[in-house]
Amino acid sequence: MILYVISVGLSVTMGLMGFVNLAHGVFAMAGGLVMSTVIARFGVPFPLAILIAALSVALASIVLERLLYSRLYAEGELAQVLFCIGLIFVSMAVARLMNGDRAVPVFLPDYLRGQLHVLGRDFPTYRVFLIVVSTCLIFLLWFGVERTRWGAMVRAAVDNRAMAQSVGINTRLLFMGTFALGSGLAGLGGALGADILPVMWSYPFEHLVYFLIVVAVGGLGSLRGPFIAALLIGVADTACKYWTPEFGAFLVYAATITILLWRPQGLFGMRYERI
Amino acid sequence: MSGYSADPRIRWTEWLPWVAAIAFFFLMPGYLSLGARILIFILFALSLDLILGYAGIVTLGHSAFFGLGAYTAGALGAHTGITDPFLQLAAAAALSALLGVATGAVILRTRALTLLMLTLAITAILLEIANKWTSMTGGADGLSGVKVDPILGMFRFDLYGKTAFFYCLAVLFVGWWVVRRIIYSPFGAMLTGIRENSTRMHAVGAPVYWRLVMIYTISATMAGTAGALLTQVNQFVGLNVLGLEPSGDVLVMLILGGVGRLYGAFIGPVVYIVVQDTLAKQYPEYWYLGIGALLIFVVLFARGGILGLLDKWLPFLKPGRSARASAR
Amino acid sequence: MAAVLETRSLCKSFGALTVADRINFRLEPGARHALIGPNGAGKTTFVNMLMGQLAPSSGQILLGGEDVTRVPQSARVRRGLGRTFQVTTLFRNLPLLDNVALGIAEREGVSVRMWKPASRHREIKDEAMTYLSALGIADEADARVADLPYGKQRLVEIAIALGLKPKVLLLDEPAAGVPSHESGIILSNLAKLPPEIAILIIEHDMDLVFRFAQRITVLVQGTVLVEAPPEEIARDKRVHQVYLGEQHA
């Protein structure tokens, strides 16, 4: 489920803005780092720490976007991919310098530890919490994108930037804001998920494949898509670990390939009519 | 560089890399294994340039072929009695070609992100297989004790790496010659056409998909050969020949040198590996920092890589009339 | 006379929107035919279906008497169907010579050869030069397309199409975007096209259409309104209405 929170931000940037942001994991890692530091150094309570993590990452991403990303919107996907690889390298180096080879320490509040007794079975409280948060998020986002003017403007701007500008939409601001949202979500996911996906310097690279799978399989630009995809991956992963531990990751990749070949735009992505 | 208006004759500057290689052999005998590694990655980068620079296919999964070639040679040398180096190379090339045509035929119907994802997924699957199939691949420990016969029965792989160096140089030479031939041929012109405007290529009757499968297969064969060389030279193959990392590495090398320029594939690996060797051992964080920053710089300001920069400063290195076609 | 290009009851819908409605169309060998209609009438959609870039919802397309409805674009081109694009679709960074040569090499089956350098293929280069000369742009054979004025770029489109030695040529607004002082060149070159090629031209420039075409088809909202020689079209009241907008949309 954590995969979803992080990846939906990626679906937002990629789908709504058309930018192949492989470095998305960097923002997630940053979120985890900020949260941990804030709790450790300043004793901030957990919920506040999460919020600070998400917001600070969003703000930082704005800086990055203004300085670097925005130059690459019009460039082909090769340039974007390369840029992101470079960014990943730089951030991994910085993370390693800051934290060495250890994972960032996580401080779960007591009320989130332990088990919840639901429907006759025990579930780790934390996981339930994550699922609840993710579900709330998806509703918020869906509402925001489908129902508000902001969502409509973003979709218009992606569809035809010049046109959107000529009807008075400030595309620069729009893209900046959307990017901040996507990255903030990543930061949120990284912070929330620090217990499950340990925040280490190799974080962005390690999980890159999974983020991309969730987005590609779920479908660019859609919000439900990555949700379903993350769900599927989570289920498949657990099921495989249980029944066929030999083939866990293997099946995920095979499934990805099959799905992408059958529906190249992802399960819920937007179709391209071949003209 | 390619096309009907290009001049296919070999310019004097094109002999420089080979002169440099031979000079290296005599001047730096202590670094021959590093040199061999550079040569191998040049071959790998050349194979990537064929599809990335000329056909315009962006892939992060090229290590799949490299790794397959490496493990093929490794498995042959360690488990079976097939230790003739050329046979190992041939087997690696053949299997890579097979994987190339099989995966290419399937994934080249897609484009952009989907294609990128599929290439990644394929190399990830191979990595998983290599990881789990310990009896064949040695798993995380790698496959050691790969036996390779002396080349032509005479030249043993010695400790100083002299044989290895020349072996790789010879294979690279053949690879370079083949790639150069392809680039200047009508096929190469057609590939450039696909890259420049694939809609137009469709409209002149080119079955674009099948042509892409062809070049993808050729590229895969070369990459597999490079992988096999690595195994033969080290008499060892480990998991690090598969997965995202080697794909990313060779992509960065190519960009550094300059994509679609043939010799970018020569310069890139030299710079990358040399710097990596000097820096990364002592200051691994700074290595990543440096290469990351450099990459960002290149993408934003020096898209043509080192060759692109040289073009601006040393005009006599530019190829003939249709220089415009390649200056990017 | 057997039609060289024909459609039977060709339809295309995108969901509830019908863009082509049972279009029956015939193109005779050597024809000089024009397709006109107001914006949004479905002309480009029709051409895209003819070329194979867009699959029809129903109906048939026949090329030289053979059903090509399911045949992909590149195969249709090899069977003699050529087109130019409304928005110039050229190899902008390549010289003119290469632009034309690529098409010729395809036709001759040379473009899969990997051995002899492309520039040593004299026959291809010479043939490319003849087409460039016929259109008066041979002097710029080495120039990059991107460096040429737009009017000349449109001519390169035609040169490439000629290089395919098509039996049928679809010209999608050849004068589109060309400044008026250059469009005369387009017309004179169109007039020089080999008579055995059947030509279908889509155009908005009525001057060009009436001087070039021997038959005109008027397409309105996906259906054929009328098909007749130019003099009759000029007199037809319904055509006037459609263009002058007296008819409600």
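From a predicted model like this one, the values you see are computed outputs, not experimental measurements.

## Let's talk about the overall build of chain B
And then number 1: Each helix and strand in chain B was counted, giving 15 helices and two strands.
And then number 2: Expressed along its principal axes, the backbone C-alpha trace of chain B runs to roughly 50 × 45 × 40 Å.
And then number 3: Within chain B, the proportion of its 328 residues that are buried is 58%.
And then number 4: Within chain B, counting contacts between residues at least 6 apart in sequence, those at least 24 apart form 80% of the total.

## Some points on the overall build of chain A
And then number 1: The number of helices and strands found in chain A is 11 helices and two strands.
And then number 2: Beginning at the N terminus, the succession of helices and strands in chain A can be written as α-α-α-α-β-β-α-α-α-α-α-α-α.
And then number 3: Looking at chain A as a whole, 47% of its 275 residues are labelled buried.

## Some words on helix α13 (residues 284-301) of chain B
And then number 1: In a regular helix each residue adds 1.5 Å, so 18 residues correspond to 26 Å; α13 of chain B covers 25 Å between its end C-alpha atoms and thus fits that length.
And then number 2: The set of residues buried in α13 of chain B consists of Y288, L289, I291, G292, L294, L295, V298 and V299 of chain B.
And then number 3: Those residues of α13 of chain B that are buried lie in contact with α4 (77-99) of chain A together with α11 (244-257) and α14 (305-313) of chain B.

## A short note on the confidence of the model for chain A
And then number 1: Scored by pLDDT, chain A comes out at a mean of 71, with 61% of its residues at no less than 70.
And then number 2: This stretch, residues 271-275 of chain A, has a pLDDT under 50; its non-local contacts, to residues over four places away or in other chains, come to five contacts.

## Focus: the pairing of strand β1 (residues 5-14) of chain C
Residues and elements named next belong to chain C.
And then number 1: Sheet topology note: the β1/strand β2 (residues 17-27) ladder contains seven bridges and is antiparallel. Looking at β2, one finds that L10 is bridged to I23.
And then number 2: Counting the residues in the hairpin turn of β1 and β2 gives two residues, including G15, whose phi is positive at 65°.
And then number 3: In the sheet, β1 pairs with strand β4 (residues 58-63) via five bridges, with the strands oriented antiparallel.

## Concerning the pairing of strand β10 (residues 223-228) of chain C
Residue and element names in this part refer to chain C.
And then number 1: Where strand β9 (residues 215-220) and β10 come together, five bridges link them in antiparallel fashion. In the strand pairing of β10, L219 is matched with V224.
And then number 2: Where β9 folds back onto β10 in an antiparallel hairpin, the turn is made up of two residues, including Q221, whose phi is positive at roughly 50°.

## Quick word on the interface of chain B and chain C
And then number 1: Across the contact, 31 residues belong to chain B and 36 residues belong to chain C.
And then number 2: Sorting the residues of the side of chain B that touches chain C by element identifies α7 (162-184), α8 (186-196), α9 (198-203) and α15 (323-326) of chain B as the ones contributing at least two each.
And then number 3: When the residues that make up the side of chain B that touches chain C are grouped by side-chain class, the tally is 14 nonpolar, 11 polar and six charged.

## Quick word on the sheet that holds β4 of chain C
Residues and elements named next belong to chain C.
And then number 1: Pairing within the open sheet is antiparallel, and its four strands lie in the order β2-β1-β4-β5. Each end of this open sheet is capped by a strand with a single partner; those strands are β2 and β5 (66-67).
And then number 2: Where β4 and β5 come together, two bridges link them in antiparallel fashion. Note on β5: the bridge partner recorded for L63 is E66.
And then number 3: Strands in contact with helix α1 (residues 43-51) are β1, β2 and β4; relative to β2, the strand with the most contacts, it is inclined by about 60°.

## Quick notes on the interface of chain A and chain B
And then number 1: Contact residues are listed per partner, giving 35 residues for chain A and 29 residues for chain B.
And then number 2: Broken down by secondary-structure element, the contributors of at least two residues to the side of chain A that touches chain B are α4, α9 (203-218) and α11 (248-262) of chain A.
And then number 3: The leading source of residues in the side of chain A that touches chain B is α4 of chain A, at 16 residues.
And then number 4: Along the lines of polarity and charge, the residues of the side of chain A that touches chain B split into 29 nonpolar, two polar and four charged.

## Here's the deal with the environment of G222 of chain C
Residues and elements named next belong to chain C.
And then number 1: Mapping G222 onto the fold places it in the loop between β9 and β10.
And then number 2: With 23 C-beta atoms counted inside 10 Å, the residue G222 sits in the buried group.
And then number 3: Note: C-alpha distance between G222 and I233 (11 residues apart in sequence) is 18 Å.
And then number 4: In this structure, G222 is in contact with T18, V19, A20, D21 and G42, ignoring residues within four places of it in sequence.

## Overview of the confidence of the model for chain B
Residue and element names in this part refer to chain B.
And then number 1: Of the residues in chain B, 95% reach a pLDDT of 70 or more, and the chain-wide mean stands at 85.
And then number 2: When the elements of chain B are averaged for pLDDT, α15 gives the smallest value, 35, and helix α10 (residues 208-234) the largest, 93.
And then number 3: Considering only residues more than four positions removed or in separate chains, one finds that residues 320-328, a stretch of pLDDT under 50, has 24 contacts.
And then number 4: Scored by ipTM, the complex comes to 0.84, with pTM at 0.84.

## Section: the sheet that holds β10 of chain C
Residues and elements named next belong to chain C.
And then number 1: An order of β6-β7-β8-β3-β9-β10 is seen for the six strands of this open sheet, with the pairing classed as mixed. A strand with exactly one partner marks an edge of an open sheet, and here the two such strands are β6 (81-84) and β10. Between one strand axis and the next, the sheet turns by 20° as a mean value, whatever way the strands run.
And then number 2: Packing of α1 onto the sheet brings it into contact with β3 (32-36), β6, β7 (168-172), β8 (198-202) and β9, and relative to β7 it is tilted by some 150°.

## Regarding the packing of helix α3 (residues 63-79) of chain B against α10 of chain B
Packed helix pairs are characterised by how far apart their axes lie and by the angle those axes make with each other.
All names here are of chain B.
And then number 1: It is at 6 Å that the axes of α3 and α10 come closest, and there the two elements cross at 45°. With respect to each other, α3 and α10 are oriented oblique. For the crossing formed where α3 meets α10, the hand is right-handed. In this structure, α3 uses F65, F66, G67, L68, G69, A70, T72, A73 and G74 to contact α10, whose residues at the interface are A220, A223, G224, T225, A226, G227, A228, L230, T231 and Q232.
And then number 2: Across the contact of α3 with α10, the residue classes break down as 10 nonpolar, nine polar and no charged.

## Describing the environment of L118 of chain B
And then number 1: Inspection of the secondary structure assignment puts L118 of chain B in helix α5 (residues 112-132).
And then number 2: Excluding residues that lie within four positions of it along the chain, L118 of chain B makes contacts with I257 and L260 of chain A together with I107 and T110 of chain B.

## Quick look at helix α2 (residues 24-42) of chain A
And then number 1: Taking 1.5 Å as the rise per residue, α2 of chain A with 19 residues should run 27 Å; its terminal C-alpha atoms sit 27 Å apart, in good agreement.
And then number 2: Of all the 19 residues making up α2 of chain A, 15 are buried; the element is thus mostly covered by neighbouring parts of the structure.

Cut-offs used in this document
- Residues numbered from 1 in each chain as written.
- Chains lettered and ligands numbered in written order.
- Predicted model: local features only at pLDDT ≥ 70, side-chain atom pairs only at ≥ 80, totals over all residues.
- Helix = DSSP H or I, 4+ residues; strand = E, 2+ residues; numbered from the N terminus.
- Buried ≥ 20, exposed ≤ 12 C-beta atoms within 10 Å, placed from the backbone.
- Contact = placed C-beta atoms within 7 Å.
- Expected span 1.5 Å × (residues − 1).
- pLDDT = per-residue confidence, 0-100.
- Pairing = 2+ DSSP bridges.
- Nonpolar A, V, L, I, M, F, W, Y, C, P; charged D, E, K, R; others polar.
- Axes fitted to C-alpha atoms, helices over the stretch in contact; angles between N-to-C directions.
- Parallel < 35°, antiparallel > 145°, perpendicular 65-115°, else oblique.
- Left-handed = near helix turned anticlockwise from the far one by under 90°.

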